[in-house]
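# Chains, contacts and geometry: an overview
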Amino acid sequence: MIVFIDRQHAGKPNNPEDRGASVEPLSFGLGLEAMYTGYLSLMIEEKLLENGVKVIPISDGFYADRHKRVNEYSKRFKNEEQVYLALHLNSGGGDYSSFFHMGSTDGADLASAICDKVREASLPGLVRCLPKKCSSGDWTKNAWYTIKGVGNPIAICCEPLFMDTHRDLLTMESLRSIASAIASGIISWSL
Ligand SMILES: [Zn+2]
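Residues numbered from 1 in each chain as written. Predicted model: local features only at pLDDT ≥ 70, side-chain atom pairs only at ≥ 80, totals over all residues.

### With respect to the packing of helix H1 (residues 33-50) against helix H5 (residues 172-190)
Two numbers describe how H1 lies on H5: the axes approach to 8 Å, and their chain directions differ by 50°. If you check the angle between H1 and H5, you find them oblique. In the crossing of H1 with H5, the sense of the turn from one axis to the other is right-handed. Facing H1, whose interface residues are Tyr-36, Tyr-39, Leu-40, Met-43, Ile-44, Lys-47 and Leu-48, H5 presents Leu-175, Arg-176, Ile-178, Ala-179, Ser-180, Ile-182 and Ala-183. Class assignment for the residues of the contact of H1 with H5 results in eleven nonpolar, one polar and two charged. (Axes fitted to C-alpha atoms, helices over the stretch in contact; angles between N-to-C directions. Helix = DSSP H or I, 4+ residues; strand = E, 2+ residues; numbered from the N terminus. Parallel < 35°, antiparallel > 145°, perpendicular 65-115°, else oblique. Left-handed = near helix turned anticlockwise from the far one by under 90°. Contact = placed C-beta atoms within 7 Å. Nonpolar A, V, L, I, M, F, W, Y, C, P; charged D, E, K, R; others polar.)

Below, the structure written as structure tokens:
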């Protein structure tokens, strides 16, 4: 299996300073979304590598161009299962964790497998984890936009927590638990 991990809100040609959502600065990660997803991306990568899963990190370009690049790389791994993760953290007062897919059976199964592991991690405030189909025509369109161009790999937009509601989870320890749950979900889905 191969997993493409995209730290979004960084390396955007039209907005190089973008770091996504923010909360009042914290000593760890400065309260910036793309700082925490940066840590998460490495933690997920480490856990996957430990389990023999190949990882290709992506973090530069317009999202549409990243998707094209992933589709190009994807051809080299034709006989393997492939996953693409767009890493984000939510904000705006929600009280759940969510993993968005494009509506395929594989996408729905993968998002559910990740949510099962997030629930098992028993982090305060994240017992409600929603696997959700995203589309261009409703409130899920922002999630849809982050993965819409990905072809063969099963694409998931990860929004594991709300930075404002789950501010207490913005620690190295909690991020590691979340990363571990995401990696374990992907591995259990692939078995
Ligand atoms: Zn975001």
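### Some points on the pairing of strand E2 (residues 54-58)
Pairing of strand E1 (residues 2-7) with E2, which is carried by five bridges, proceeds in the parallel orientation. When the sheet's bridge partners are listed, Phe-4 is paired in E2 with Ile-56. In this view, the connection linking E1 to its parallel neighbour E2 by way of H1 has right-handed handedness. (Pairing = 2+ DSSP bridges. Right-handed = clockwise from strand over helix to strand, strands pointing away.)

### Some words on the pairing of strand E5 (residues 129-133)
Direction of pairing for strand E4 (residues 97-101) relative to E5: parallel, over a ladder of five bridges. Its bridge partner lying in E5, His-101 is registered against Lys-133. Since E4 and E5 lie parallel, the crossover through helix H3 (residues 105-120) that links them has a hand, and here it is right-handed.

### As for helix H2 (residues 63-74)
The terminal C-alpha atoms of H2 lie 16 Å apart, and with twelve residues this matches the ideal 16 Å at 1.5 Å per residue to within 8%. For H2, the set of buried residues is Arg-66, His-67 and Val-70. Within H2, the buried residues cover an arc of 100° as seen down the axis, which keeps them to one side. Residues of H2 that are exposed and angled more than 90 degrees away from the buried face: Ala-64, Asp-65 and Glu-72. Here the buried face of H2 lies against E1, E2 and strand E3 (82-87). (Expected span 1.5 Å × (residues − 1). Buried ≥ 20, exposed ≤ 12 C-beta atoms within 10 Å, placed from the backbone. Arc of directions from axis to C-beta.)

### Digging into the nonpolar core
Across soluble globular proteins, you tend to see nonpolar side chains buried next to one another. Among the nonpolar cores identified, the biggest contains 55 residues, and Val-3, Leu-85, Leu-110, Ile-114, Ile-156 and Ile-182 are the most heavily contacted of them. If you tally residues by element for this core, the top one is H5, at eight residues. Once you skip the residues sitting within four places of it in the chain, Ile-114 turns out to touch Phe-99, Ile-182, Gly-185 and Ile-186. (Core = buried A, V, L, I, M, F, W, Y, C linked by C-beta atoms within 7 Å.)

### A few points about the sheet that holds E1
Overall, mixed pairing links the six strands, which are arranged E2-E1-E3-E6-E4-E5 in an open sheet. What marks the edges here is a single partner per strand, and that holds for E2 and E5. When the angles between neighbouring strand axes are averaged without regard to direction, this sheet yields 20°. Docked against the sheet, H2 engages E1, E2 and E3, running at close to 155° with respect to E2.

### What about the environment of Gly-93?
By secondary structure assignment, the location of Gly-93 is in the loop between E3 and E4. Each C-alpha atom, one on Gly-93 and one on Phe-162, is 6.7 Å from the other, the two residues being 69 residues apart in sequence. Not counting the four nearest positions on each side in its chain, Gly-93 is found in contact with Phe-162, Asp-164 and Thr-165.

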